[in-house]
Amino acid sequence: MNKKLMEVLEKEIITAEEYDFIAEQEEVLEIENCGASGKYIEKTWYNVKLNNGEEYSIYL
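Residues numbered from 1 in each chain as written. Predicted model: local features only at pLDDT ≥ 70, side-chain atom pairs only at ≥ 80, totals over all residues. Heavy atoms only, no water.

Draft legend 1. Local environment of the sheet that holds strand 1 (residues 28–36). Pairing is antiparallel across the open sheet formed by three strands, whose spatial order is 1-2-3. Every other strand in the sheet has two partners, leaving strand 1 and strand 3 (55–59) as the edge strands with one partner each. Strand-to-strand twist of the sheet, defined as the mean angle between neighbouring strand axes without regard to direction, takes the value 25°. As paired elements, strand 2 (residues 44–50) and strand 3 share five bridges and run antiparallel to each other. Each bridged residue has a counterpart across the sheet, and for Lys49 the counterpart in strand 3 is Glu55. Each of strand 1, strand 2 and strand 3 is contacted by helix 1 (residues 3–11), which is oriented at about 60° to strand 3, the strand it contacts most. (Pairing = 2+ DSSP bridges. Helix = DSSP H or I, 4+ residues; strand = E, 2+ residues; numbered from the N terminus. Axes fitted to C-alpha atoms, helices over the stretch in contact; angles between N-to-C directions. Contact = heavy atoms within 4.5 Å.)

Put into structure tokens, the structure is as follows:
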């Protein structure tokens, strides 16, 4: 697994550049826009699914 990808996913709150980085990775199967975040005000919540079955929540 890409170490840089894991570091970015574990941050939770990411930048637009980090979102683009995640979207370009071959390990990422899907990025689902889940809408407005209830956890972080004024952020959009995304669910990231990886090809190894793991899922991560990120906020932009």
